[in-house]
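Single-letter residue listing:
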Amino acid sequence: MSFEDNIRKVVPYTPGEQPKRKVIKLNTNECPYPPSPKVFNALEDFDASHLRLYPDPECTGLVNSIADYYGRKPEEVFVGVGSDDVLSMCFLTFFAGKKPILFPDITYSFYEVWADVYRIPYKTIPLKENFDLDDEDYMIENGGIVIANPNAPTGVSEPLEKIEKIIKANHDSVVIVDEAYIDFGGETALPLIDKYENVIITRTMSKSRAMAGMRIGYAFGPEKLIKYLNDVKFSVNSYTMNMPALIAGEEAMLDKRYFEQIRDKVVATRERSKDMLKKLGFTFRDSKTNFIFAKHERVPAKYIFEKLKEHDIYVRYFNKPRIDDHLRISIGTDEEMDELFKALETILQEA
Ligand code: PMP
């Protein structure tokens, strides 16, 4: 017996690289544009002498701004330090049973890390060959379900009908729908929180609101589930969100026009990028996200990934079964994407 036996050991999640040098960074699905000018103003006006006090543990201003924006009640909104924190709290709160929770074999790889760290039994369900999800696979006994829609890294967006079938058939477990990328397209399951007691929708300000560095995520759900989430949050750390994040998040939520502007720009660049990638010999499932998960007809993904790095262009490569022939390319500015296409042309010609 040693102290080692008492230590919680886990294999951690591996985030995408954050290179110290200035590179074209298309590897972690960040927004290529800055946050709303209202965020700049609010942070400039922030009086640091307030930092001697604890922040509002209920995050009232931020919660209200999110509730207002989506026409929900504040009691139906939960906020956290990025949707990673929100999802982690959801795992801790809703998956306390003994039956295995279910999620696809190819999805956000943090799910199995949270399951491991919280000792939650889980079973992964293989997606179809083309990365589609089959709702029939989720009609088995389980202790909870997690589905990213649109999915990452595949980019596949499932119709609401399929998501609803899963929620409806699993009234004895909580179904989490991770909508990190929903603002770029796809059908939200948000209206289903009025119809079902067992659904939680998670979202983030990291992608479509250009605030990955501020760490703000949120969830919608029936009041009862949000109360359970808050009870667990207040049992771990009451003050999750710092004052600047609360203020900046509220401003980002209020600036609807700016949000729509940068989202539309990303979507337009994505559509143009689809054409360019096709011309270069890539195939991919249609993406309604801020990234494209593409496979080249001839050249291995790992080779392209490494060569792109030599050109100071970072995309994401997953050395994992079923997806090690794909690259996940985040949508940058038009100029950044042009640099990518130029580099790809050279790399593919030489390969
Ligand atoms: N869900 C999915 C599917 C993601 O891809 C990400 C981004 N890594 C997250 C959640 C977490 O994002 P954040 O913590 O920045 O909100």
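Remember, predicted model here, so these are calculated numbers, not experimental data.

Re the packing of helix α9 (residues 301-310) against helix α10 (residues 334-350)
So, step 1. Running from N to C, α9 and α10 point in directions that differ by 120°, and their axes come no closer than 10 Å. For the element pair α9 / α10, the angle class is oblique. α9 and α10 meet at a crossing whose hand is right-handed. Contacts between α9 and α10 pair Y303, I304, K307 and L308 from the former with L340, A343, L344, I347 and L348 from the latter.
So, step 2. Its residues assigned to classes, the contact of α9 with α10 shows eight nonpolar, no polar and one charged.

Regarding the nonpolar core
So, step 1. Among the nonpolar cores identified, the biggest contains 46 residues, and I66, V79, M205 and F220 are the most heavily contacted of them.
So, step 2. Those elements that provide at least two residues to this core are α2 (60-70), β2 (77-80), β5 (144-148), α5 (160-169), β6 (175-178), β7 (199-204), β8 (217-220) and α7 (243-254).
So, step 3. Counting the residues that make up this core, at least three belong to each of domain 1 (3-33 + 257-350) and domain 2 (47-255).
So, step 4. If we skip the residues at most four places from it in the chain, V79 touches C59, L62, V63, I66, V86, G217, Y218 and M241.
So, step 5. Core analysis: the second largest hydrophobic core is formed by 33 residues, F284, V315, L327 and I347 among them.

Section: the side chain of D132
So, step 1. Positionally, D132 belongs in the loop between β4 (122-125) and β5.
So, step 2. Look at D132 and you get buried, because its relative accessible area is 17%.

Observations concerning the domain arrangement of the protein
So, step 1. Domain annotation of the protein identifies domain 1 (3-33 + 257-350) and domain 2 (47-255).
So, step 2. Distance from the C-alpha centre of domain 1 to the C-alpha centre of domain 2: 24 Å.
So, step 3. Taken together, the contact pairs 33 residues of domain 1 with 38 residues of domain 2.
So, step 4. In total, about 2,800 Å² of surface goes out of reach between domain 1 and domain 2, with carbon and sulfur atoms giving 60% of it.

Observations regarding the site of the ligand
So, step 1. The immediate surroundings of the ligand are formed by 13 residues, with S83, D178, Y181, T204 and S206 found nearest.
So, step 2. T204 places a side-chain nitrogen or oxygen 2.5 Å from an oxygen atom of the ligand.
So, step 3. Summarising the interface, the protein chains cover 91% of the accessible area of the ligand, which totals 400 Å² for the free molecule.
So, step 4. The element contributing the most residues to the shell around the ligand is helix α3 (residues 82-94), with four residues.
So, step 5. When its residues are assigned to classes, the shell around the ligand shows five nonpolar, four polar and four charged.

Cut-offs applied
All residue numbers refer to position in the chain's written sequence, counted from 1. Under the rules for a predicted model, residues below a pLDDT of 70 receive no local features and side-chain atom pairs below 80 are neither given nor counted, while totals for whole chains, interfaces and linings still include all residues. Values reported for side chains reflect all heavy atoms of the structure, with hydrogen atoms and water molecules removed beforehand. Fitted lines through C-alpha atoms give the axes, limited to the stretch in contact for helices. The angle between two N-to-C directions lies from 0 to 180 degrees. Working definition: helices are DSSP H or I runs of at least four residues, strands are E runs of at least two. Numbering for both runs from the N terminus. Every angle not falling under 35 degrees, over 145, or within 65 to 115 is termed oblique; those three ranges are roughly parallel, roughly antiparallel and roughly perpendicular. Crossings are sorted by hand: turned counterclockwise from the far helix by less than a right angle, the near helix makes the crossing left-handed, and turned clockwise it makes it right-handed. We call two residues contacting when some pair of their heavy atoms lies within 4.5 Å. Gly falls in the polar group here, along with every residue not listed as nonpolar (Ala, Val, Leu, Ile, Met, Phe, Trp, Tyr, Cys, Pro) or charged (Asp, Glu, Lys, Arg). By nonpolar core we mean a set of buried residues, namely Ala, Val, Leu, Ile, Met, Phe, Trp, Tyr and Cys, connected to one another through side-chain atoms within 4.5 Å. Here's how the labels work: a residue is buried when its accessible area is under 20% of the maximum for its type, exposed when over 50%, partly exposed in between, all with a 1.4 Å probe on protein chains only. Reported domain spans reflect what an automatic or database domain assignment gives. By definition, the buried area sums, over both parts, the 1.4 Å-probe accessible area that each loses when the two are put together. Consider each residue's heavy atoms; a residue with any of them within 4 Å of a molecule or strand counts as near. Polar contacts here mean pairs of N or O atoms no more than 3.5 Å apart (in protein, one a potential hydrogen donor and the other a potential acceptor; neighbouring residues in sequence count only if both atoms are side-chain atoms). Note that accessible areas follow from Shrake-Rupley with a 1.4 Å probe, and for residues the cover is restricted to the protein chains shown.

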